[in-house]
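As a plain string of letters, each chain reads:
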Amino acid sequence: MRESLLDRAISWVSPAAGIRRMRARVALDSARSVLKSERGYDGAGKDVRGLNWRTPSTSGNAELVPALSVLRNRSRDLVRNNPFIKHALRVWAANMIGTGIVAKFAKPRVQALWNEWIAVCDADGLLTFGGLQLMVARALRESGECLVRFRIRLDTDGLDVPLQLQVLESDYLDTSRTGMIEGGFCVAGVQFDRIGRRVGYWLFDQHPGDIVQIASNVQSRLVPANEVLHVFDPTDRPNTVRGLPEFAVAIWAARDSDEYREAQRVRKKIEACFAAFVVSDSDMGQPTGRRVPGERTGPTPAPVEEIVPGMISHLNPDEDIRFTTPSPVSDYEQFMRVEHRGIAAGSDVTYEQMTGDFSQVNFTSGRMGKIEFKRILEQQQWLIFIPRFCDAVANRFVEVAYLAGKTQKASCPRDWTAPRIEMTDPQRETAALAMQVDERFISRQEAQRQMGQDPATMDREIAEDPYRNSTPASPSAVDAGEGDSPMPDDSKPGTPAPKQD
């Protein structure tokens, strides 16, 4: 605080008044400082740094719904054309689903029906239940959400459990259906009742961007909520109705990376086109290969337009040739590595998984990255994908099986076994897992599930394993013909029996 001439004069005439004035000045400066920084937080300051920082106080739906179509289309374009984004999606799906998240029902009858049904559950007749899991998981990452319709079939369709699943892209949701309606309200194609429960989805009869439009005018109609599974991640922001594409935060980084790589590629192509230049001392403006009156006689060499291996070419006496030296890009690899790390972080995979570049990783750093990746993956599996898709499908399957007279109850407990994540060091990690079982930190069944195996199936296979259950014969028994010729009394174990004539 700087003291003005007026303050000094007042303090000289009346020191008490000067002290009161100084106290008021300090209080005023403090109030201005607090007002400027919004209650003392620098991050809420309204100085020059925050002039271009737009932070609206809108809801998750107000921010997502207007941008959802653009984000979804750009995310799909990156998957189609960016090799790193495509591989990141494939790596995520491979670890998330593997060959399928396996269900184990408590009742053998239900398990037998399920094992038969998962081979014919696809309404399109193309995939098994594991394949549908992969399709839904990929759409969940790429588009942010996916729709699954339950299709009840007729007895004439020949299914023991007359149920099939139809997987639909999120484009089938009529986003224009937003606003108040009788008995509730709609948000981006999802209809709610007065207390906020989902009662239905406004779905198009066909994809609005399909190559073949069966109807001249595509219309949406309301489908009850119990006939549709809307699979998305609702944990991004509370009360969000639709799903955000997971690659949304990496869209511009991936796009700029593509353009930078293409610019470097074109630059190298242009440099390769200009291999050499011919310079003439007599007439800089005269094209190479043309005769100049009064300067020389005799045949003129043909102009050189292309350099090929083993070529021998003659120049005019007053001509010289100069080769180009392309300038190297010193920081290209380092710059791309930093960019790819940011893209990998936005895609929830490790840099090494996305790029296949393991030159900068050792055992410890690789294991640490894999641990964090596994935790994120398990969150998605057990908090979102299995409850919102796998459990919902299993519940509907058991209900339909009960209504079809195939089971005695309309519910049945089950467990799910997710695919294992490969061990970085199998010897150490297996020993650590066995120690946890021995110390009773986890059960043997849980250890088997962590390895991606179904405990019941694994125990049965171990019990039926002929190698594990067989006792190797002793050398004496083998030499004696498996007990056909008895061993002499004076022979010792391990000593070959005398040959029989």
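Residues numbered from 1 in each chain as written. Predicted model: local features only at pLDDT ≥ 70, side-chain atom pairs only at ≥ 80, totals over all residues. Heavy atoms only, no water.

### Re the overall build of the protein
Within the protein, the regular secondary structure consists of 15 helices and 12 strands. Scored against the burial criterion, the 501 residues of the protein give a buried share of 33%. By sequence separation, contacts in the protein at least 24 residues apart represent 63% of the contacts at least 6 residues apart. Taken as a whole, the protein presents about 32,500 Å² of accessible surface, with 54% of it coming from carbon and sulfur. (Helix = DSSP H or I, 4+ residues; strand = E, 2+ residues; numbered from the N terminus. Buried < 20%, exposed > 50% of the residue type's maximum accessible area, 1.4 Å probe, protein only. Contact = heavy atoms within 4.5 Å. Areas by Shrake-Rupley, 256 points an atom, 1.4 Å probe, with all protein chains shown as cover.)

### Focus: the sheet that holds strand β2 (residues 145–152)
The three strands lie next to each other as β3-β2-β9, forming an open sheet whose pairing is antiparallel. Looking at strand neighbours, the two that pair on one side only are β3 (163–168) and β9 (228–232), the edges of this open sheet. The mean inter-strand angle of the sheet, taken between neighbouring strand axes irrespective of direction, is 25°. Here six bridges tie β2 to β3, and the two strands are oriented antiparallel to one another. In the sheet register, F150 faces β3, and the bridge partner there is L165. (Pairing = 2+ DSSP bridges. Axes fitted to C-alpha atoms, helices over the stretch in contact; angles between N-to-C directions.)

### Thoughts on the nonpolar core
Judged by nonpolar contacts, the single largest core of 60 residues is most densely connected at W114, W117, F385, F389, V393, F397 and W416. Top element by residues in this core is helix α10 (residues 363–403). It accounts for 13 residues. Setting aside residues up to four positions removed in sequence, F389 forms contacts with F129, Q133, V136, V148, L229, V231 and I384. In this structure, L147, V190, F192 and L203 belong to the second largest nonpolar core, which totals 13 residues. (Core = buried A, V, L, I, M, F, W, Y, C linked by side-chain atoms within 4.5 Å.)

### Describing unusual backbone geometry
Not every positive phi belongs to a glycine, and N239 is a case in point at roughly 70°. Residue placement: N239 occurs in the loop between β9 and α7 (251–273).

### Points about a nonpolar patch on the surface
Judged by side-chain polarity, L126, L127 and M135 come together as a nonpolar surface patch covering roughly 280 Å² of accessible area. In this fold, L126 is placed in the loop between α5 (108–117) and α6 (129–142). A residue is classified by how much of its surface remains accessible, and L126, at 70% relative accessible area, is exposed. (Patch = residues over 30% accessible without salt bridge, like charges linked within 9 Å, V, L, I, M, F, W, Y side chains within 5 Å. Salt bridge = Lys/Arg side-chain N within 4 Å of Asp/Glu carboxyl O.)

### Some points on the pattern of salt bridges
The full count for this structure, using the stated rule, is 24 salt bridges. Between R242 and E145 there is a salt bridge; the shortest N-O distance is 2.8 Å. With R242 in the loop between β9 and α7 and E145 in strand β2, this pair connects stretches of sequence that are 97 residues apart.

### A few points about α10
Maximum bend of α10: about 60°, positioned at I386, with proline P387 one to four residues after it. Of the residues that open α10, the one with a side-chain oxygen 3.2 Å from the backbone nitrogen of T364 is N362. Residue G405 follows α10 closely and has a positive phi angle near 80°. (Bend = angle between axes of the 7 residues up to and from the residue. Polar contact = N/O pair within 3.5 Å; in protein donor to acceptor, adjacent residues only side chain to side chain.)

### A look at the side chain of T407
Mapped onto the secondary structure, T407 falls in the loop between α10 and β12 (414–417). A polar contact is formed between the side chain of T407 and the backbone oxygen of K409, at a distance of 3.1 Å. Dropping the residues within four chain positions of it, T407 is found in contact with V110, L113, V398, A401 and Y402.

### So, the confidence of the model for the protein
Per-residue confidence for the protein averages 83 on the pLDDT scale, and 82% of its residues sit at or above 70. Across the protein, β3 holds the top mean pLDDT of 98, while helix α15 (residues 475–479) sits lowest at 45. Long-range and interchain partners of residues 473–501, a stretch whose pLDDT sits below 50, account for 12 contacts in this model, where long-range means more than four residues apart. (pLDDT = per-residue confidence, 0-100.)

### Some words on the sheet that holds strand β7 (residues 198–204)
Read from one edge to the other, the open sheet built from five strands follows the order β4-β5-β6-β7-β8, with strand pairing classed as antiparallel. Bordering the open sheet on either side are β4 (179–181) and β8 (220–224), each of which pairs with just one other strand. Here the strands of the sheet are splayed against their neighbours by 30° on average, with no regard to which way each runs. Looking at chain direction, strand β5 (residues 184–187) and strand β6 (residues 190–193) are connected through four bridges and run antiparallel. Bridge pairing in β6 links G184 to D193.

### A short note on the environment of I442
Summarising the element assignment, I442 is placed in the loop between α11 (426–438) and α12 (444–450). We classify I442 as buried; its relative accessible area is 19%. Ignoring any residue separated from it by four or fewer positions in sequence, one finds I442 in contact with L433, Q436, V437, A447 and Q450.

### Observations regarding the environment of K406
Examined against the element boundaries, K406 turns out to sit in the loop between α10 and β12. Separated by 297 residues in the primary sequence, K406 and R109 place their C-alpha atoms 8.6 Å from one another. The residues contacting K406, other than those within four sequence positions of it, are R109, L113, D160 and A401.

### Some details on the side chain of Q380
In this fold, Q380 is placed in helix α10. Every residue in contact with Q380, bar those within four places of it in the chain, is listed here: W92, M96, D233 and F385.

### A word on the packing of aromatic side chains
Scanning the entire structure with this criterion turns up 14 aromatic pairs. Measuring from ring centre to ring centre gives 6.2 Å for W114 and W416, while their planes differ by 80°; the resulting arrangement is edge-to-face. Of this pair, W114 sits in helix α5 while W416 sits in strand β12; the two residues are 302 residues apart in sequence, bridging distant segments of the chain. Across the pair, exposure class does not vary: W114 and W416 are buried alike. (Phe/Tyr/Trp six-rings, centres within 6.5 Å; stacked < 30°, edge-to-face > 60°.)

### Considering the packing of α6 against α10
With their axes 12 Å apart at the nearest point, α6 and α10 run at an angle of 145° to one another. In this structure, α6 meets α10 at a crossing whose hand is right-handed. Contacts between α6 and α10 pair F129, Q133, V136, A137 and L140 from the former with F385, F389, C390 and V393 from the latter. A breakdown of the residues in the contact of α6 with α10 according to their chemical character gives eight nonpolar, one polar and no charged. (Left-handed = near helix turned anticlockwise from the far one by under 90°. Nonpolar A, V, L, I, M, F, W, Y, C, P; charged D, E, K, R; others polar.)

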